[in-house]
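# Structural overview for review
In case you want the letters, here they are:
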Amino acid sequence: MILLCFLFIPFIGGLLSLSFEKINIKYSRCSALFTMIILLVLSIYLCYLNLNTTNIWVVKYRTIWIDRFGIYLNLAVDGISLSMVLLSVVLGLLSIICSFKEINKCIGLFYFNLLWILGSIIGVFLAMDLFLFLFFWEIMIFPMYFIISMWGSAYKEQIAIKFFIYTQISGVILLITIFTLVVSNFYVTGKLTFEYQSLVNAQIGDKVGVLLMLGLFISFAIKLPIFPLHTWLPDVMAKNPKYGSLDLIGILIKTAAYGLLRLNLGLFPKQSLSFAPYAMIVGIISIYYGAVLAFSQRNIKRLMAYSSISHMGYVLIGIFSSNILSLQGAIMFVISNTLSSAGLIIISGLLYERLNTFDIRFMGGLFGKLGAIPGFALSLTLAVLGLPGTGNFIGEFLILLGNFKLYPKITIISSLGLILTAIYSLNLIHKVYYGKTKNKALKNIFLNFSEVNILSIILFLIFISGFYPQIIFDLSIKSITNIAQKTMFFY
Amino acid sequence: MKKILILICLFPLISTLLLASLRCMSKILVCIIGVGSIVSSTIFAILLAFYYYLKPNPFLEHLYSWISIYDVKINFNFYIDGLSVVMICIVNGIGLLIHLFSTWYMCENFKYKKDYLLSRFFLYMNLFMLNMLILILGDNLILLLLGWEGVGFCSYLLISYYYRVYNNVISGFKAFITTRIGDLFFAIGIFFVWIQFNTFDIQQLLTKFSLLNNTNSFRYELIAFMFMLGTISKSAQIPLHTWLIDAMVGPTPVSALIHAATMITSGVYFIIRTHFLFELAPITLNTIGLIGTITLLLAGISALTQNNIKRILACSTLSQVGYMFVAIGIKAWHAAIFHVMIHAFFKALLFISAGSLIISCKHSQNILKIRSIFLSLSKNIRIAYYFCFVIGGSALSALPIITAGFYSKEKIILLSKISGYNKIWIVGLVGAFITSIYTFRTILIMFNKNINKFIIFFNNQKPLIYNVSHNLPLFILLILSTYLGSLIKIPMQKEITMYNIEVENCCNIISSIIVIVGITIAAKIFLFSNVYYMDIIEVVLGKLVLNIIYTIGGFDWLYIKLVIIPYLYLVRINKFDCITFIINNIINKVILFFYTVMTKLHNGNLSFYLTIFIVGIITSLLMSNIL
């Protein structure tokens, strides 16, 4: 029952803040914030439950939805989905606090969209029925489309359409794959079911299996995104609302990474394993391609987008390496990389507020000017670099360590990609903060209390996950072991 | 005594957090926090040293379990043995003296370079100390990596401390990237260790190694080679040395602490910490020895042509670290760590007296300029500087009997002779000769009264105040650089070599003579005429060779041509993401083509529709018949 509440609270909260807009703007803000706080409390409670059980599935909920096609409203939460849910709730909370100052147009509608995106993301994480998974996967697109087209900057309609087309392609491929899977399972067993638990054991021919696995892979690769399906991300990032509260939630949450982990590895462990070298090569290309392009960008947010593409290469390698270490590392890396890039995006929003530009050519010499911003940016860059002591290091280290036993060459090549990461991220610091001051009309606004708090919380979480990563490991180790054992069987 | 190691690390941690979170503090408070933390840390380090002296048993201090998944168990453990006691004392002691000195230096320097935050300086310095302590105390490779990369990052921050000058920023960048390349190879080495031995613990590795037979040595070579790449980048050996010379743009106390006394030698520390691994890899050890010899020669020769005092000192650091690598190459671990210690003393002395001299001489670092300004200082101060430099310089060039440098450097040269590495012995002697020449060239040029052709008298209106935070570090380091410094015993097992008194005496006498001859030659050349020195060298060698010597092998040029320019070219051609280009130009056009075709079909012409309709029916009937 708690899962059902968890699922519906953001949707209801969105409706509430939409309707409160007519009465008072403050009410709709408060209702959005309040919704997020309830979600946070609930997810912490679920974590508590998770630590106290030995089951893989912490809580389950199952009731019939569409009887005729064997579709159930089947929700369940395990360590992996719980850590992803926790991450998205924290980010949702941060982005709502960010948006207090930023958004002034159609506030109720904005929170409605934001909470609906969040709700559908949580739905994706909780769904244990593939139809339900697809349902939430598709719902997620619409509020995002409206937000880009309503609150974006120049060329927002074009970008919104671009986003829509890309994600629709991903959705369609997912749809075809899932239906083929269900139908071919139906031919074998004579039972029509969409449920994950029964499809896990489906007997599917090798060739069909490879095709289905590829379908899932491409669909998730578009959303992740990785080379060569990445071109929507830089555009969307650059043209999203100026202050970036939306980047945090709609784009940074790696539902696709979760999908790869849960569906690709869960349903097709054997096929994934045989596909792994190719996926890793794609990952390596992503790492290098993203890093090289990030170095050449002038727009901070485009740079962040390419850096995200580059980092997703590591996640892909970690997931397809599919042993306990690298899977755990991939989850750790997704969490702390999301946090660190969230911090940098917030900072780029703050810079925009003061300089009215995202272009690094017009910045320079900001160190010692803008209060604590450069300090925060430097420490977050430290995390992006993957220096030890940050969660990113733990993630990368475990991914590469786990991968090394099977694919030493791939590991060595991909770890050397970190040099390029260092080059572009330090270059960003140099161009923006070091050197002589270029911008004369600098509004020297100091950070306010809530901004300092948000950034400090992000930094705190990054360093906690670097120095005491065991909290995240304890959360997800059970279900990761479960998934990894399945693939280990095929070695 | 159980929790003393955490206490050593705790104070720099607290002060780092304090300095990071409280931005607006008075300078005095910043100094108190920044230096006070190191003082308390040093007190505990000295306590530890006494404790270890009384009861020399290595022990482990468990803090918490850092990572534990499946079969990976990494603890946050600190480990103490003789080696780490020595290093802790060096780092804390030198660190304390330099922190104290930098309160004077930075405050004086801020009169010249305005608008830089003092708290940022002490924040970085304390963070550096913390990372260095973790690097020394860590008992597993991952913890070492934590400190290892941490010191690299702090070094980057401190080199680019004067961030408004673009050159400084680029130098810091270069230092970070170069060491980062090494760090990644270090990490790959750790992966190899994990595959081979399934542990990260150095002590467990030691026991596993002691059970090994010397088989399958290629794997150990590989591991040792990866670690070697890591250490040569951090310890600035050829070919990854180029960052160190540029790193001298940082504040002088930073050069003294990080780029001379502590961080540079952490590569040596690491190899000695895992020497059991390197012992199984003779090829890598030989490579290390070779790299050391090349570095010590090239850096020494380069120092002869430099005119910037900090760059000269940097070259001398390179060549002294080269000696340490030579010592490692001949498996003289004890001699290497002894030279690390003595080198830290006299190099810190040289650097901080150079820093003080630079401040006194209107922030000019060129030795020719310093000479012209130097005479305007008062006589007592001049004598004091002269004294400092002569003591430091003679320790650097290993003047026999009275200086500490003699006992450490001679030991390495001697051991190379005893162990039968005759070529290394000769190179070591040549290196010592060159060292004495360039050291005394610098000193004689700076302090020589005879050549006063270009003297410009400055009216030093505000004489500098030399307070205790300036004098005390200099005084202590002066004492440590003389014979008294070499009396400090290192609580480590000495390597067992057959000492032959006759050979020893003979070698000592040879190298002493060489050093003294070097000094005499330097005096002959530079005491009376220096003006044409550079010109003569240029005429003799030609401009190209001189340039190669000046840049220590011209590796910078090579890297720019081979790595940086191609990379920038790659970046430039793919600036707008070729995938976007393909999508815009090909896929969009294909879709547009279908769009135009479809609109042409849908043209409202009834007879056209009818034709299509009939053709369609006929083909489908035919198809169904066939099928």
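Here is what the cut-offs are and how they apply
- Sequence positions are assigned chain by chain, starting from 1 and proceeding in written order.
- To label them, take the chains in the order written and letter them from A, then take the ligands in the order written and number them from 1.
- Given that this is a predicted model, residues contribute local features only at a pLDDT of at least 70 and side-chain atom pairs are listed and counted only at 80 or more, while totals for whole chains, interfaces and linings are drawn from all residues.
- Processing note: side-chain calculations cover all non-hydrogen atoms of the structure and skip hydrogens and water entirely.
- Note on conventions: DSSP H or I runs of at least 4 residues are helices, E runs of at least 2 residues are strands, and numbering of each starts at the N terminus.
- Exposure categories follow from relative accessible area, calculated using a 1.4 Å probe and restricted to protein chains: below 20% of the type maximum is buried, above 50% is exposed, and the middle band is partly exposed.
- The contact definition used throughout considers only heavy atoms, calling two residues in contact when any of these lie within 4.5 Å.
- Note on areas: Shrake-Rupley, 1.4 Å probe, and residue coverage restricted to the protein chains presented here.
- Working convention for charge: Lys and Arg count positive, Asp and Glu count negative, and His plus the chain ends are omitted.
- Note on charges: their place is set at NZ of Lys, CZ of Arg, CG of Asp or CD of Glu.
- Buried area is calculated as the accessible area (1.4 Å probe) missing from two parts once they are joined, with the contributions of both summed.
- Definition used for salt bridges: Asp or Glu carboxyl oxygen within 4 Å of a side-chain nitrogen of Lys or Arg.
- We call two N or O atoms a polar contact when they sit within 3.5 Å, provided that within protein one can donate a hydrogen and the other can accept it, with sequence-adjacent residues counted only if both atoms are side-chain atoms.
- Fitting a line to C-alpha atoms yields each axis, with helices limited to the stretch in contact; the angle taken between N-to-C directions then spans 0 to 180 degrees.
- Roughly parallel here means an angle under 35 degrees, roughly antiparallel means over 145, roughly perpendicular means 65 to 115, and every remaining angle is called oblique.
- A patch consists of residues exposed above 30% relative accessible area that lack any salt bridge, with like charges linked at up to 9 Å and nonpolar side chains (Val, Leu, Ile, Met, Phe, Trp, Tyr) linked at up to 5 Å.
- Each aromatic pair joins two rings of Phe, Tyr and Trp (for Trp, the six-membered one) with centres within 6.5 Å, and gets the label stacked for planes under 30 degrees apart, edge-to-face for over 60, and tilted for any other angle.
- Charge-over-ring contacts are defined here by two conditions on Lys NZ or Arg CZ: a distance within 6 Å of the ring centre and an angle within 35 degrees of the ring normal.
- Confidence scores labelled pLDDT are given residue by residue by the predictor and lie between 0 and 100.
- Helix crossings are classified by the rotation of the near helix relative to the far one: an anticlockwise turn of less than a right angle makes the crossing left-handed, while a clockwise turn makes it right-handed.
- Classes in brief: Ala, Val, Leu, Ile, Met, Phe, Trp, Tyr, Cys and Pro nonpolar; Asp, Glu, Lys and Arg charged; the others, Gly included, polar.
- Put simply, buried Ala, Val, Leu, Ile, Met, Phe, Trp, Tyr and Cys residues joined by side-chain atoms within 4.5 Å make one nonpolar core.
- The criterion for a disulfide is a pair of cysteine sulfur atoms lying within 2.5 Å.

Quick look at the overall build of chain B now. The number of helices and strands found in chain B is 26 helices and 2 strands. Its C-alpha atoms put chain B at 115 × 65 × 55 Å along the principal axes. Put simply, chain B has 627 residues, and 57% of those count as buried. In chain B, of all internal contacts separated by at least 6 residues, the share reaching a separation of at least 24 is 81%. When the accessible surface of chain B is summed, it comes to about 26,500 Å², and 71% of that surface belongs to carbon and sulfur atoms. For chain B, the centre of its 43 positive side-chain charges and the centre of its 20 negative side-chain charges are spaced 11 Å apart.

Counting residues at the interface gives 60 residues for chain A, matched by 50 residues for chain B. Surface buried jointly by chain A and chain B totals about 5,000 Å² across both partners, of which 74% is contributed by carbon and sulfur atoms. Considering only the surface of chain A that becomes buried against chain B, Phe397, Phe404 and Tyr434 of chain A emerge as the three largest contributors, covering 11% of it. At the junction of chain A with chain B, the criterion picks out 0 salt bridges. The interface formed by chain A and chain B contains 13 residue pairs in polar contact (both at pLDDT 80 or more). Those elements that provide at least two residues to the side of chain A that touches chain B are helix 7 (156-189), helix 13 (269-296), helix 15 (324-355), helix 16 (373-385), helix 17 (391-404), helix 18 (408-433), helix 19 (449-467) and helix 20 (470-488) of chain A.

Before going further, it helps to spend a moment on the pattern of salt bridges. This structure, assessed with the given rule, holds 12 salt bridges over all chains. One salt bridge connects aspartate 556 of chain B with lysine 174 of chain B, and the closest N-O pair in it is separated by 2.9 Å. In this pair, aspartate 556 of chain B sits in helix 24 (residues 555-573) while lysine 174 of chain B sits in helix 6 (residues 166-197), placing the two residues 382 residues apart along the sequence. For aspartate 556 of chain B, a relative accessible area of 24% translates into the label partly exposed. Taken together, the shared-partner salt bridges in this structure form one network comprising Lys162, Asp235 and Arg302 of chain A.

Residues and elements named next belong to chain B. Running from N to C, helix 14 (residues 309-329) and helix 15 (residues 333-360) cross one another at 175°; their axes reach a closest spacing of 9 Å. Comparing their axes, helix 15 and helix 14 come out roughly antiparallel. Taking contact as the criterion, the partners of Ile309, Lys310, Leu313, Ala314, Ser316, Thr317, Gln320, Tyr323, Met324, Ala327 and Ile328 in helix 14 are, on helix 15, Trp333, Ala336, His339, Val340, His343, Phe346, Lys347, Leu350, Phe351, Ala354 and Ile358.

Further remarks concern a nonpolar patch on the surface. Residues and elements named next belong to chain B. There is a patch of nonpolar side chains on the surface, built from Phe581, Ile582, Ile586, Ile587, Val590, Ile591, Phe593, Phe594, Val597, Met598, Leu601 and Ile612 and spanning about 1,100 Å² of accessible area. By residue number, the principal contributor to the nonpolar patch is helix 25 (residues 578-601), which donates 11 residues. Of note, leucine 601 is situated in helix 25. For leucine 601, a relative accessible area of 39% gives the class partly exposed.

Before going further, it helps to examine the packing of aromatic side chains. In the structure shown here, the tally under the stated rule is 68 aromatic pairs over all chains. With centroids separated by 6.1 Å and ring planes inclined at 65°, the aromatic side chains of phenylalanine 76 of chain B and phenylalanine 78 of chain B adopt a geometry described as edge-to-face. Given a relative accessible area of 6%, phenylalanine 76 of chain B falls into the buried group. Exposure remark for phenylalanine 78 of chain B: the relative accessible area of 2% places this residue in the buried category. Put simply, the rings of Phe11, Trp65, Phe112, Trp116, Phe131, Phe135, Phe136, Phe179 and Phe194 of chain A touch in pairs and so form one group of aromatic residues. Above the face of the tyrosine 196 of chain A ring, arginine 262 of chain A is positioned so that its terminal group lies 6.0 Å from the ring centre. It is lysine 411 of chain B that lies over the ring of phenylalanine 338 of chain B; its NZ or CZ is 5.1 Å from the centre.

Chain-level pLDDT for chain B is 84 on average; 93% of the residues reach the 70-or-more range. Among the prediction metrics, the complex's ipTM stands at 0.91, with pTM recorded as 0.91.

All right, on to the packing of helix 17 of chain A against helix 18 of chain A then. Residue and element names in this part refer to chain A. The interhelical angle for the contact between helix 17 and helix 18, taken along N-to-C directions, is 160°, at an axis separation of 8 Å. One element, helix 17, and the other, helix 18, form an angle in the roughly antiparallel class. Viewed along their axes, helix 17 and helix 18 form a crossing whose handedness is left-handed. The segment helix 17 lies against helix 18, with Glu396, Leu400, Asn403 and Phe404 engaging Pro408, Ile410, Thr411, Ile412, Ser414, Ser415 and Leu418. When its residues are assigned to classes, the contact of helix 17 with helix 18 shows 6 nonpolar, 4 polar and 1 charged.

As a further point, take the nonpolar core. A general trend in soluble globular proteins is that nonpolar side chains are found buried together. If you look at the biggest cluster of nonpolar residues, it comprises 405 residues, and the most contacted ones within it are Phe320, Leu351, Phe397, Tyr433 and Tyr434 of chain A together with Ile94 and Phe227 of chain B. Here this core gets 20 residues from one element, more than from any other, and that element is helix 15 of chain B. Beyond its immediate sequence surroundings of up to four residues, leucine 351 of chain A is in contact with Ile300, Asn356, Met363, Leu366, Leu370, Ile373, Val432 and Tyr433 of chain A.

This brings us to the state of the cysteines. What is meant by a disulfide is a covalent connection between two cysteines, made through their sulfur atoms. All names here are of chain B. Summed over the entire model, instances satisfying the criterion amount to 0 disulfides over all chains. Cysteine 89 carries a free sulfur, and the closest cysteine sulfur to it, the one in cysteine 9, is 13 Å from it. Judged by relative accessible area, cysteine 89 falls into the partly exposed class, the value being 30%.

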